[in-house]
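This is what each chain is made of:
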Amino acid sequence: SLSGHQPPPPLSDLSRLNFVLGTVAQQLAAKEGPTQSGAARAESLSAAFSALLPCGFLGLPVISWLLEFKRVAVSCLLVDSLGLAYGLLLASSARPCLLAAFCLVALSQQCLYSTFFAAVAKRFGFLHYGKHVGLINLGVTFVGAAQ
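Residues numbered from 1 in each chain as written. Predicted model: local features only at pLDDT ≥ 70, side-chain atom pairs only at ≥ 80, totals over all residues. Heavy atoms only, no water.

## Observations regarding the environment of Lys 131
Moving on, step 1. Among the structural elements, Lys 131 can be located in helix 6 (residues 129-146).
Moving on, step 2. For Lys 131 and Pro 54, which are 77 residues apart along the polypeptide, the C-alpha to C-alpha distance reads 27 Å. (Helix = DSSP H or I, 4+ residues; strand = E, 2+ residues; numbered from the N terminus.)

Below is the structure:
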C-alpha cells in the first residue's frame with residue numbers, strides 16, 4: 001500500500017534550484033550593473049558561488065538522519081525552508097547576505113536531491129526506479145527549457 005508514503009518533492013523545487021544554478025552568473029551581472037566595478041563584483045560573487053556550491057555535502061549528516069528516522073515530509077519541509085531562505089537572501093545586494101544565500105543553495109541542492117531520490121524509492125520501490133527518476137527528470141528538463 002502506498003498510503004504511508006509521501007510523494008517526491010514537487011517539480012517546482014527541482015525547477016527553482018535548477019533555475020538558480022543555471023542563471024546565477026547572469027542574475028549577479030544584472031544586479032551589479034554594467035559598470036566596470038559592478039562587473040568585477042559580479043565576477044567575484046560568481047566565483048564565490050562556484051567555490052561554495054560543492055560544500056553542500058556538509059549537510060549530509062542532517063539530511064541522512066532525517067531520511068532515516070523521520071517521514072519524508074520533514075525532509076521536504078527542510079528543502080522548502082532552505083529554498084525560501086536563499087530566495088529571500090538573494091533579493092539582497094549585501095555581500096554577506098549573498099554569501100549566506102550561496103551556502104544555503106549548496107545545502108539545498110544536496111538536501112533536495114537526497115530527499116528526491118529517497119522519496120522516489122519509497123513511493124515506487126526499485127523495480128522501475130530508473131524509469132521513474134528518468135521521467136521526473138525529463139519533466140524538470142522541459143520546465144527548465146521553458147523558463
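## Observations regarding helix 4 (residues 72-90)
Moving on, step 1. Between its first and last C-alpha atoms helix 4 spans 27 Å; for 19 residues at 1.5 Å apiece the expected length is 27 Å, and the two agree.
Moving on, step 2. Residues Val 72, Ser 75, Cys 76, Val 79, Leu 82, Gly 83 and Tyr 86 constitute the buried set of helix 4. Taken end-on, helix 4 shows its buried residues confined to a sector of 120 degrees, consistent with a single buried face. For helix 4, the exposed residues set more than 90 degrees away from the buried face come down to Leu 77, Leu 84 and Leu 88. (Expected span 1.5 Å × (residues − 1). Buried < 20%, exposed > 50% of the residue type's maximum accessible area, 1.4 Å probe, protein only. Arc of directions from axis to C-beta.)

## A look at the nonpolar core
Moving on, step 1. The biggest cluster of nonpolar side chains holds 26 residues, and the ones touching the most others in it are Leu 14, Leu 28, Tyr 86, Phe 102, Val 105 and Phe 116.
Moving on, step 2. Elements with a contribution of two residues or more to this core: helix 1 (11-32), helix 2 (36-52), helix 3 (60-69), helix 4, helix 5 (95-124) and helix 6.
Moving on, step 3. It is helix 5 that provides the largest number of residues to this core, a total of nine residues.
Moving on, step 4. Ignoring sequence-local partners within four residues, the contact set of Leu 14 consists of Leu 112, Tyr 113, Phe 116, Ile 136 and Val 140. (Core = buried A, V, L, I, M, F, W, Y, C linked by side-chain atoms within 4.5 Å. Contact = heavy atoms within 4.5 Å.)

## Brief notes about the confidence of the model for the chain
Moving on, step 1. Chain-level pLDDT for the chain is 88 on average; 92% of the residues reach the 70-or-more range.
Moving on, step 2. The weakest mean pLDDT in the chain belongs to helix 6 at 84; the strongest belongs to helix 2 at 95. (pLDDT = per-residue confidence, 0-100.)

## With respect to the packing of helix 3 against helix 5
Moving on, step 1. Axis separation between helix 3 and helix 5 bottoms out at 10 Å; the angle between their running directions is 25 degrees. Put simply, helix 3 runs roughly parallel to helix 5. The crossing of helix 3 and helix 5 is right-handed. Here Leu 60, Ile 63 and Leu 67 of helix 3 lie close against helix 5, whose contacting residues are Gln 110, Cys 111, Ser 114, Thr 115, Ala 118 and Lys 122.
Moving on, step 2. Classifying every residue of the contact of helix 3 with helix 5 gives five nonpolar, three polar and one charged. (Axes fitted to C-alpha atoms, helices over the stretch in contact; angles between N-to-C directions. Parallel < 35°, antiparallel > 145°, perpendicular 65-115°, else oblique. Left-handed = near helix turned anticlockwise from the far one by under 90°. Nonpolar A, V, L, I, M, F, W, Y, C, P; charged D, E, K, R; others polar.)

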